[in-house]
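What follows is each chain in one-letter form.
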Amino acid sequence: MNYQKVYGITGPVSVAGPTAPENKLNDELIQELKKENSFETEQETANRVKVLETLQMLTEKFVFQVSKNKNMSDGMAKDAGGKIFTYGSYRLGVHGPGSDIDTLVVVPKHVTREDFFTVFDALLRERDELDEIAPVPDAFVPIIKMKFSGISIDLICARLDIAQVPLNLTLSDKNLLRNLDEKDLRALNGTRVTDEILELVPKPNVFRIALRAIKLWAQRRAIYANIFGFPGGVAWAMLVARICQLYPNACSAVILNRFFKILSEWKWPQPVVLKPIEDGPLQVRVWNPKIYAQDRSHRMPVITPAYPSMCATHNITESTKKVILEEFARGIQVTNDIFSNKGTWADLFQKHDFFYKYKFYLTITVSTKGSDEEHLKWSGLVESKTRLLVLKLEALAGIKLAHPFTKPFESSYCYDTEEDYKNILNNYGSHKTEGQLEKYVKVTDDNKDDETIKDQKQVHITTMYIGLSVNVTEKKEKIDIHVPCTEFFNLCRNFSEEYQKSDTFALSIRYVKLYDISDEVYDEGEARPKKKKSKNKKRKDENEADISKRPRSDTAASVHEENSSSVPALEQSTKPITPVT
């Protein structure tokens, strides 16, 4: 009798191996992933290895320098060590061209977080390979975001309560977590979770191919972004891993079909867990909805396997949950068609229709007169708070769905006078007026290093979109979004004194109708939605998906910095809409 190890908290649904047709579909899946540029070249992989070797060298230099500053001998300072670990997609082996590398710097107890943001930051800035850098010491997990040798790196730091960090150190021992603060625990969690996921799947290669496909699908369908209330990379990895546990001998193609079927029928908020939740040596909070009310509020909980277990999907809102479940349902239909030879894997990876789907869109425009680094911090703050605006909007009567888009749009323009600056902000983001921006020089990757560009004043702009599905019963009924938008505006402005300087940091909230959305959201060659002239002027339902039958009015009201709390109401009327003051 063959013994097969049981993975997960339940036995498998099926231990059947793949059939010949399933293997054929699996080969076609891999070919499609290659065609979609999911795998990087050997040269790109070698570049990543070289960057990580450089970061390891800098980590040892950093710890040595801090140790010497604290009057240690050369021998003790060298023995103090320091080591980098990776986590996320790179550690899982599912990174692709252009992916960032999530990197953890582990240091001994005499090296502080402040040292990381001063001494290590300075060492990085000395390197010729550094393209850009933005330290964010006040983040939930303090981080240095940078681009190094053309590769994006998210660099975090954790201090262990040990005197030396040797190169052979592993992080699997729970006792290493003793005497650490919450920020250090969170920093260590990424690597510990990633390593456990790989140990909890029956066939790592099957898992990796399936995860590559799910990551590509989630990105194409615009449901991959923890910060905006969708699952992030770790959550998608754990969801795929759970399906692999239930079908331990299946090929990746079968895993994908079962993924959509099982998760669309899942009894949420029943949690997805890869192994029993463990206790440990620390007085720290472990996810437990029986004890903590906040844990009971999680809508689609996916629980990390490493101690202390946490919910990786706590950011999911009621609106984003609906969007995710809609995409699961579509995934079932498409993969069923593929298995019936009625479709191909390319159908699964079709691009989203977000910018064709809704009648109303709320736009959040963040701008900075200053450096790239200043703008990265300001826009990053607003981005991190956008999910809170979604929560406030979806609580309003009449709003069925507040659907945030997962990718901010970035632009920078050169300007000479204050009037130019105001013109850029006033005309940006609207299809009707963005033609006025053609007289200003747009900063691009090709011209940003030109001396003529560097010497000019620049305004950096980031725009985020929230699609609104509304449901009003009376023709003239209005939904007033003034209060949630004002609260959001004040929350961002009052985060720190620095961001109250409205002459440097600007924030505007406006809404536009479908036909007035900026051209920037559409890819080259992609058709904008167009109105269809019709004699039949009967009103259609507010959230009707047929973009060819949209109401005739495309007037958009906006909220400018001088009057940012005056947000218009949404009304079911073809008359021009004016702000509610």
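What comes next is a walk through the structure. All of these numbers come straight from a predicted model, not from anything done at the bench.

The rules behind each value
- Residues numbered from 1 in each chain as written.
- Predicted model: local features only at pLDDT ≥ 70, side-chain atom pairs only at ≥ 80, totals over all residues.
- Heavy atoms only, no water.
- Pairing = 2+ DSSP bridges.
- Helix = DSSP H or I, 4+ residues; strand = E, 2+ residues; numbered from the N terminus.
- Polar contact = N/O pair within 3.5 Å; in protein donor to acceptor, adjacent residues only side chain to side chain.
- Contact = heavy atoms within 4.5 Å.
- Phe/Tyr/Trp six-rings, centres within 6.5 Å; stacked < 30°, edge-to-face > 60°.
- Buried < 20%, exposed > 50% of the residue type's maximum accessible area, 1.4 Å probe, protein only.
- Lys NZ or Arg CZ within 6 Å of the ring centre and 35° of its normal.
- Patch = residues over 30% accessible without salt bridge, like charges linked within 9 Å, V, L, I, M, F, W, Y side chains within 5 Å.
- Areas by Shrake-Rupley, 256 points an atom, 1.4 Å probe, with all protein chains shown as cover.
- Salt bridge = Lys/Arg side-chain N within 4 Å of Asp/Glu carboxyl O.
- Lys, Arg positive; Asp, Glu negative; His and termini not counted.
- Charge placed at Lys NZ, Arg CZ, Asp CG, Glu CD.
- Axes fitted to C-alpha atoms, helices over the stretch in contact; angles between N-to-C directions.
- Parallel < 35°, antiparallel > 145°, perpendicular 65-115°, else oblique.
- Nonpolar A, V, L, I, M, F, W, Y, C, P; charged D, E, K, R; others polar.
- Expected span 1.5 Å × (residues − 1).

## Points about the pairing of strand E3 (residues 130-136)
On a regular strand, one side chain projects to one face of the sheet and the next to the other, so that they alternate.
Okay, so step 1: Bridge count between E3 and strand E4 (residues 143-148): 6 bridges; the pairing is antiparallel. Bridge assignment links Ala-134 to a residue of E4, and that residue is Lys-145.
Okay, so step 2: Connecting E3 to the next strand, E4, in antiparallel fashion are 6 residues.

## So, the side chain of Thr-462
Okay, so step 1: If you trace the backbone, Thr-462 turns up in strand E9 (residues 457-470).
Okay, so step 2: For Thr-462, the side chain forms a polar contact with the side chain of His-375, separated by 2.7 Å.
Okay, so step 3: Leaving out residues up to four positions away in the same chain, Thr-462 has contacts with Ile-364, Thr-365, Val-366, His-375, Ser-379, Pro-408, Phe-409 and Glu-410.

## Remarks on the packing of aromatic side chains
Okay, so step 1: Applying the stated rule across the entire model yields 31 aromatic pairs.
Okay, so step 2: Their ring planes at 55° and their centres at 5.0 Å tell us that Phe-62 and Phe-120 sit as a pair that is tilted. A residue pair is termed long-range when its members are at least 10 positions apart, and Phe-62 in helix H2 (residues 42-69) and Phe-120 in helix H5 (residues 113-125) qualify at 58 residues. Across the pair, Phe-120 and Phe-62 agree in class, each one buried.
Okay, so step 3: Aromatic side chains Phe-259 and Phe-260 sit 5.3 Å apart centroid to centroid with 85° between the ring planes, which places their arrangement in the edge-to-face category. Side by side, Phe-259 and Phe-260 carry an identical accessibility label, which is buried.
Okay, so step 4: Through successive ring pairs, a cluster of aromatic residues spans Phe-354, Phe-355, Tyr-356, Tyr-358, Tyr-361, Phe-405, Phe-409, Tyr-465 and Tyr-522.
Okay, so step 5: Above the plane of the ring of Tyr-247 lies Arg-258, whose end atom (NZ or CZ) is 5.6 Å from the centre.
Okay, so step 6: For Lys-369, the ring lying beneath its charged end belongs to Tyr-421, and the centroid distance is 4.4 Å.

## Section: a negative patch on the surface
Okay, so step 1: A surface patch of negative charge is lined by Asp-446, Asp-449, Asp-450, Glu-451 and Asp-455.
Okay, so step 2: As for its placement among the helices and strands, Asp-455 is situated in the loop between helix H16 (451-454) and E9.
Okay, so step 3: According to the relative accessible area criterion, Asp-455 is exposed, its value standing at 64%.

## Remarks on the packing of helix H8 (residues 233-246) against helix H9 (residues 252-264)
Okay, so step 1: Where H8 contacts H9, the axes come no closer than 10 Å and their chain directions differ by 105°. Between H8 and H9, the angle is such that the two are roughly perpendicular. Of H9, the residues touching H8 (which contributes Trp-236, Leu-239, Val-240, Ile-243, Cys-244 and Leu-246) are Ile-255, Arg-258, Phe-259, Ile-262 and Leu-263.
Okay, so step 2: Split into classes, the residues belonging to the contact of H8 with H9 amount to 10 nonpolar, no polar and 1 charged.

## A closer look at the environment of Thr-41
Okay, so step 1: Locating Thr-41 in the fold gives a position in the loop between helix H1 (20-35) and H2.
Okay, so step 2: A C-alpha to C-alpha distance of 8.9 Å links Thr-41 and Gly-96, two positions 55 residues apart in sequence.

## Digging into the sheet that holds E4
Okay, so step 1: In space, the 5 strands of this open sheet follow the order E1-E2-E5-E4-E3, with mixed pairing throughout. The open sheet has two edge strands with one neighbour each: strand E1 (83-87) and E3. Between one strand axis and the next, the sheet turns by 25° as a mean value, whatever way the strands run.

## Some words on H2
Okay, so step 1: Between its first and last C-alpha atoms H2 spans 41 Å; for 28 residues at 1.5 Å apiece the expected length is 40 Å, and the two agree.
Okay, so step 2: Within H2 the residues assigned to the buried category are Arg-48, Val-51, Leu-52, Thr-54, Leu-55, Gln-56, Leu-58, Thr-59, Phe-62, Val-63, Val-66 and Ser-67.

## What about the pattern of salt bridges?
Okay, so step 1: Under the counting rule described, the total for this entry stands at 27 salt bridges.
Okay, so step 2: For Asp-74, the salt bridge identified is with Lys-68, shortest N-O distance 2.5 Å.
Okay, so step 3: We note a salt bridge from Asp-115 to Lys-70, for which the minimum N-O separation is 3.6 Å. On the criterion of sequence distance, the pair formed by Asp-115 in helix H5 and Lys-70 in the loop between H2 and helix H3 (74-79) is long-range, its members being 45 residues apart.
Okay, so step 4: Classification of Asp-115 as buried rests on a relative accessible area of 13%.
Okay, so step 5: According to the relative accessible area criterion, Lys-70 is partly exposed, its value standing at 39%.
Okay, so step 6: Connected via shared salt-bridge partners are Lys-174, Glu-196, Lys-275 and Glu-278.

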